Amino acid sequence: MSEKIRVEVRPHHDAQVEELEYEVYTRAGYIPPNPRRKVLENMNYPKHSVVVALSGNLITGSVRLVVDPAPKSGLFSLRCFKPFPLWPWAEQLLREVRPDRVMQVGTMVIREPYRGGDTFQAIFQKILEMSLQGCIQYAVTTVDEGFFNRLGTRNIPFVPMGDTRFYMGSRTVPALVARDWVTRGAVPREILALVSK
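These figures come from a predicted structure and were not determined experimentally.

Draft legend 1. The arrangement of the environment of Glu8 in detail. Position of Glu8 among the secondary structure elements: in strand E1 (residues 6–11). What makes Glu8 partly exposed here is its relative accessible area of 27%. Separated by 114 residues in the primary sequence, Glu8 and Ala122 place their C-alpha atoms 10.0 Å from one another. Those residues in contact with Glu8 that lie beyond four places of it in its chain are Val50, Val51, Val52 and Leu54. Polar side-chain contacts of Glu8 include one of 2.6 Å to the side chain of Arg10.

Draft legend 2. The packing of aromatic side chains, seen in detail. Throughout the structure, instances matching the rule amount to 6 aromatic pairs. For the pair Tyr25 and Tyr30, a centre-to-centre distance of 5.4 Å together with 90° between the ring planes defines the contact as edge-to-face. Look at Tyr25 and you get buried, because its relative accessible area is 12%. Since its relative accessible area comes to 26%, Tyr30 is described here as partly exposed. Three or more aromatic residues joined by ring pairs make a cluster, and in this case those are Phe120, Phe124 and Phe147. When the ring centre of Tyr45 is taken as reference, the NZ or CZ atom of Arg64 above it lies at 4.4 Å.

Draft legend 3. Region of the structure containing unusual backbone geometry. Phi is positive for Arg37, which is not a glycine, with a value near 55°. Residue Arg37 is classed as exposed on the basis of its relative accessible area, which comes to 53%. Positive phi, close to 50°, is recorded for Met168, a residue that is not glycine. As for its position among the elements, Met168 is in the loop between strand E7 (165–167) and strand E8 (170–178).

Draft legend 4. Main features of the pairing of strand E5 (residues 138–144). Of all the 7 residues making up E5, 6 are buried; the element is thus mostly covered by neighbouring parts of the structure. Taken together, strand E4 (residues 102–110), helix H3 (residues 118–133) and E5 form a β-α-β motif whose crossover is right-handed. Pairing of E5 with E8 involves 7 bridges; the strand directions are antiparallel. Along E8, the bridge assignment pairs Asp144 with Thr172.

Draft legend 5. How the structure looks around the pattern of salt bridges. Using the criterion set out here, one finds 11 salt bridges in the structure. Glu91 is the salt-bridge partner of Arg95, the closest N and O atoms lying 2.9 Å from each other. Of this pair, Arg95 and Glu91 both sit in helix H2 (residues 88–95), 4 residues apart, which is roughly one turn of the helix. Given a relative accessible area of 29%, Glu91 falls into the partly exposed group. Notably, a salt bridge pairs Asp100 with Arg98, separated by 2.7 Å at the nearest N-O pair. Residues joined in a network through salt bridges with shared partners are Glu8, Arg10 and Asp14.

About the criteria used
Each chain has its residues counted from 1, following the order in which its sequence is written. Local features in a predicted model are, by the rule used here, given only for residues with pLDDT of at least 70; side-chain atom pairs are given and counted only at 80 or more, and totals for whole chains, interfaces and linings are based on all residues. Side-chain measures were taken over the full set of non-hydrogen atoms in the model, leaving aside hydrogen atoms and water. Helix numbers and strand numbers start at the N terminus; a helix is a DSSP run of H or I with at least 4 residues, a strand a run of E with at least 2. Whether a residue is buried, partly exposed or exposed follows from its accessible area with a 1.4 Å probe, protein chains only, as a fraction of its type maximum: under 20%, in between, or over 50%, in that order. Only heavy atoms matter for contacts: two residues are in contact if any of them lie within 4.5 Å across the pair. Between N or O atoms, a polar contact is any pair within 3.5 Å; within protein, one atom must be a potential hydrogen donor and the other a potential acceptor, and residues adjacent in sequence are included only when both atoms are from side chains. Stacked, edge-to-face and tilted are the three classes for Phe, Tyr and Trp ring pairs, Trp counted by its six-membered ring, which pair at centre distances within 6.5 Å; planes under 30 degrees apart are stacked, over 60 edge-to-face, the rest tilted. By definition here, charges over rings are those cases where NZ of Lys or CZ of Arg is within 6 Å of the ring centre and within 35 degrees of the ring normal. By convention, orient the strands away from the viewer: a clockwise path from the first strand over the helix to the second makes the crossover right-handed. A pair of strands is treated as paired once DSSP finds two or more bridges between them. Here a salt bridge means any side-chain nitrogen of Lys or Arg lying within 4 Å of a carboxyl oxygen belonging to Asp or Glu.

Next up, the structure:
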């Protein structure tokens, strides 16, 4: 779909966002339907912002962003990282920066008719803008393997930071990107060498 997409940043616990997440997750088979009509795994999110893409009044996509200066256990606040041990080089890289310089990219959903186009582009641009304003050095996420592979075709330099595992209904990749890699458009050779080991 090619329509004018606008973005806005909302605080956490937005009912429209939670409704969209539930709809997308149940349709994809990531979670079974439940009477609360919520993605239960998202109920205990730490404080975060939500980037929301809209076409008119319709939310076409959203993503949760967490920057936690003091994660309670380990490097991350989000539970989605717990099943994924990091490769030693990635853990060392992330431990060398302050936690408030790491953006944890949580639940991202895009309505089916809006995938692969303007909605993703608008969300990604807003995330990049926020990371530059917030002096973020790295963004980390866990992402469906198919989507991870499509990021590469869009020249978005995410790299795996651990083994791919089956998680919430699909093969999932723990992934990492540096602000400098995005602005340069390439992952440094030494990082690529570590990834390929």
